[in-house]
Each structure stands twice: as structure tokens, then as C-alpha cells.
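# Topology and contacts: notes
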Amino acid sequence: MADKEISLPAKLINGAVAGIVGVSCVFPIDLVKTRLQNQESKDGQKMYKNMRDCFVKTFRKEGFRGMYKGAGVNLVLITPEKAIKLTANDYFRFYLRSDKGHLPLYREMLAGGGAGLCQMIVTSPMEMLKITLQDAGRIRGLSAAPSRAFSAVAMAATPQRMSALRIAYDLFRTKGLSGVYRGAGATLLRDIPFSMIYFPLFAHLNHLGKSEGSPTSPFYWSFSSGCLAGCISSVMVNPMDVVKTRIQVLKRAQGEQTYNGVVDCARKIWVAEGPSAFMKGAWCRVLVIAPLFGIAQMVYYFGVGEYVLGIERQYY
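Just so we're clear, the structure is a prediction, and the values are computed from it rather than from any experiment. (Residues numbered from 1 in each chain as written. Predicted model: local features only at pLDDT ≥ 70, side-chain atom pairs only at ≥ 80, totals over all residues. Heavy atoms only, no water.)

Take the overall build of the protein next. Scanning the protein from N- to C-terminus turns up 14 helices and zero strands. Written out in order from the N terminus, the α and β elements of the protein read α-α-α-α-α-α-α-α-α-α-α-α-α-α. A buried classification covers 52% of the 316 residues belonging to the protein. Within the protein, counting contacts between residues at least 6 apart in sequence, those at least 24 apart form 78% of the total. (Helix = DSSP H or I, 4+ residues; strand = E, 2+ residues; numbered from the N terminus. Buried < 20%, exposed > 50% of the residue type's maximum accessible area, 1.4 Å probe, protein only. Contact = heavy atoms within 4.5 Å.)

What follows concerns the side chain of Arg190. Among the secondary structure elements, Arg190 is positioned in helix α9 (residues 184–207). A relative accessible area of 6% means that Arg190 is categorised as buried. When sequence neighbours within four positions are dropped, the list of residues in contact with Arg190 reads Thr123, Glu127, Val237, Met240, Asp241, Lys244 and Arg285.

Let us look at the packing of aromatic side chains. This structure, assessed with the given rule, holds 13 aromatic pairs. Ring centres of Phe194 and Phe293 lie 5.4 Å apart, and the angle between their planes is 45°; this geometry places the pair in the tilted category. Placement of the pair is Phe194 in helix α9 and Phe293 in helix α13 (residues 282–302), with a sequence separation of 99 residues. Note on Tyr198 and Phe202: the rings are 6.1 Å apart at their centroids and 10° apart in plane angle, and the pair reads as stacked. Of this pair, Tyr198 and Phe202 both sit in helix α9, separated by four residues, roughly a single helical turn. With respect to class, Tyr198 is no different from Phe202; both count as buried. Positioned over the ring face of Phe94 is Arg97, at 4.3 Å from the centre of the ring. (Phe/Tyr/Trp six-rings, centres within 6.5 Å; stacked < 30°, edge-to-face > 60°. Lys NZ or Arg CZ within 6 Å of the ring centre and 35° of its normal.)

Below, the discussion takes up the nonpolar core. Of all hydrophobic cores here, the largest spans 25 residues; its most connected members are Leu86, Phe194, Tyr198 and Phe293. At the level of secondary structure, the elements contributing two or more residues to this core comprise α1 (8–38), α3 (71–95), α4 (105–134), α9 and α13. Broken down by element, this core gets its largest block of residues, eight residues, from α13. Not counting residues within four places of it along the chain, the set of residues in contact with Tyr198 comprises Gly226, Ala229, Gly230, Ser233, Phe293 and Gln297. Counting residues in hydrophobic clusters, the runner-up holds 10 residues, among them Ala186, Met240, Ile269 and Phe278. (Core = buried A, V, L, I, M, F, W, Y, C linked by side-chain atoms within 4.5 Å.)

With 89% of its residues at a pLDDT of 70 or more, the protein has an overall mean of 84. Here helix α6 (residues 152–155) stands out as the least confident element of the protein, with mean pLDDT 38; α9 is the most confident, with 95. Overall, residues 145–159 carries pLDDT values under 50, and its contacts beyond four positions in sequence, including any with other chains, amount to 28 contacts. (pLDDT = per-residue confidence, 0-100.)

All right, on to helix α10 (residues 219–236) then. Along an α-helix, residues three or four apart share an orientation, since each turn contains 3.6 residues. Given a rise of 1.5 Å per residue, 18 residues ought to cover 26 Å, and the 26 Å separating the end C-alpha atoms of α10 matches this to within 8%. Taken together, the buried positions of α10 are Ser222, Ser225, Gly226, Cys227, Ala229, Gly230, Ser233 and Ser234. Against α9, α11 (238–248) and α13 lie the buried residues of α10. (Expected span 1.5 Å × (residues − 1).)

Before going further, it helps to examine the packing of α4 against helix α7 (residues 164–175). Axis separation between α4 and α7 bottoms out at 10 Å; the angle between their running directions is 120°. Between α4 and α7, the angle falls in the class oblique. Considering how the two elements wind past one another, α4 and α7 form a crossing that is right-handed. Side by side, α4 and α7 meet where Met128, Leu129, Thr132 and Leu133 of the first sit next to Ala164, Ile167, Ala168 and Leu171 of the second. Looking at the contact of α4 with α7 residue by residue, the classes come out as seven nonpolar, one polar and no charged. (Axes fitted to C-alpha atoms, helices over the stretch in contact; angles between N-to-C directions. Parallel < 35°, antiparallel > 145°, perpendicular 65-115°, else oblique. Left-handed = near helix turned anticlockwise from the far one by under 90°. Nonpolar A, V, L, I, M, F, W, Y, C, P; charged D, E, K, R; others polar.)

Together, Leu208, Phe219, Tyr220, Trp221 and Phe302 make up an exposed nonpolar region whose accessible area comes to about 560 Å². Relative to the elements of secondary structure, Trp221 occurs in helix α10. (Patch = residues over 30% accessible without salt bridge, like charges linked within 9 Å, V, L, I, M, F, W, Y side chains within 5 Å. Areas by Shrake-Rupley, 256 points an atom, 1.4 Å probe, with all protein chains shown as cover. Salt bridge = Lys/Arg side-chain N within 4 Å of Asp/Glu carboxyl O.)

Attention now goes to the pattern of salt bridges. In this structure the tally under the stated criterion is 20 salt bridges. For Arg190, the salt bridge identified is with Glu127, shortest N-O distance 3.3 Å. Note that Arg190 is positioned in helix α9 and Glu127 in helix α4, a separation of 63 residues in sequence. The pair formed by Arg190 and Glu127 is uniform in burial state, with each residue classed as buried. Across the salt bridge formed by Asp191 and Arg190, the nearest N and O atoms sit 2.7 Å from each other.

The next subject is α7. Compared with an ideal rise of 1.5 Å per residue, which puts 12 residues at 16 Å, α7 spans 16 Å between its outermost C-alpha atoms and is within 8% of the ideal. Residues of α7 that are buried include every one of Ala164, Ile167 and Leu171, and no others. For α7, the buried positions fall inside an angular range of 65° around the axis, keeping them on one side. More than 90 degrees from the buried face of α7, the exposed residues found are Leu165 and Arg173. Along its buried surface, α7 packs onto α3, α4 and α8 (177–180). Phi turns positive, to about 70°, at Gly176, one or two residues after α7. (Arc of directions from axis to C-beta.)

So this is what it looks like as C-alpha cells:
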């Protein structure tokens, strides 16, 4: 293990590039996940039957641009969000090492948890704005024809323009920081456990691919390890992701539940929809998180930040 100080600028660049590339690739699936998690059964019917049905209906009604609704705010804020998350994990891993360079599992989990805590300052408002914009089409469809919520008339409702900047301004003006950070507690309860699982799991999976004398695994092994660790971690925290998504939606259709905090939301979902509701959108989330973190590890492997700054690649 190198004794050099960690290069924060290089890690920030790596995190930013990983976030932008990853989000650009998987955002439409993330939109589908949001709509599936937010929909509730009305008279035994749902607007979307499954992931494919949601994708097809959204694309037919809103087109290619509709599939990237909310992508603007996500691309702007994913740069600091991913940079903070990945850099914080490296930073904590570096300083939690023993004198011999060893990092016990519990310290790996602490490093991951610390990264999840640090990212919340950006993640919570970013997710709230993104989710509100992503779910707008579903809300319009339900609100346009309440008695025929899933009809062609409802799905063809004329959209009203919304912007993340306008939503954030109105929230801050009327409710202050508490409005902008709506659902922050649920975000922490999702992101800290996720990071405590993901980062140690990736490190151990990636270590299995190292050959003797090499500081890291081959790029394809790093990518596969990131995908697998992301897949497992995302499934394990999906119940809290459902709760967080429900809480952060600013506008709900007529007749849909409203929630007052994490406990109230979890209780109402359990009573009204059963335990299976906590796994809504799990498959979509896997398809988002797995490649997103696989790409992130690829960026780290190739050392984009180190290359830009003209320094030697670092491994922690």
C-alpha cells in the first residue's frame, strides 16, 4: 500500500466522470423504477403492469425526451454526489488503515457508512427533485381522468412544464431547508446501509481477481465486481428505497396515500399493499445500480482523474 497522501482532486474527477457516464446510460430505467414504486392499486387496477409496460407506455406518451425527464438536475448534481461518495470512501479507507496497511472488515464498513453519510448533503435534494419530475407524467395520467385512470384519455393529458429550479425555489421560499431536504432521514437510512454493504463487498470481490504482483484486478474484473456488489446491495436496501421514494414525491394523485415520516410510510405500505410492495422496482433498481457502479469502478481502474492531473494512479 502506498504511503502517499490521497489525491482528492483526482478522486473527485473520477467520481464526477463515473456519475455522468453512468446516469446517462441508465436514467430511463431509473424513471421506470420511480413510477413503479410510486403507483398504488386503484380498484384492483394499476397504470403499469410491469417494467416493460411502464417503459412502453411512457415512451409512447412522452417520447424519448420523456424518458429523460429529471435527467438535467440529476446530471448536474450527480457530479458532486458521486464525487463525494467515492472520494469519501477512499479517504476514510486511507485513514482507517492500520500501521501495516491492513483494513479490517468493520473499518471497511465504517468507511462505507461514512461515505453514505457525507453524500446525503447532495443526494437528498437531488433525489427529491428528480423523483418529482420523473413521476409527473404518472400523476398527470391519474389526475386527468380519475374515473378512468388508465385510459387513453388519461395517458394523453397535456403536460405542464415543470423545472427543478422552480420546484427548489418554491420549496425553499415556503418551507426553507426542511422543504428542500424532504425525506433526508429516509435517504440516510437507505444510503448508509447501502454503502456499508457495497464498498466492502466490492473490495473483497475485486481482490479475488488480482494476480500476484499487480496492484489491481483486470478492468473487466473490476467492472464485474462493481456490478455484482451493486446488484446485491441495491436489493438489500430496496424496501427503504420504496419508502424514500414515496415520502419525497411532492404531489400525489387524488385518492393516493400521504405519508408523515418513515415509520408512518412503512406502516401504511404494509397495511395497504402488503410486504411485497417493499420490493417494487427492485429489478429496475438492479438494472440501474449494477451498471452505474460497474462503470464507476471502470473509471477508477483507468484512472481518468490521475491521467488528467498527470499523476500516478492510486489504489486504496
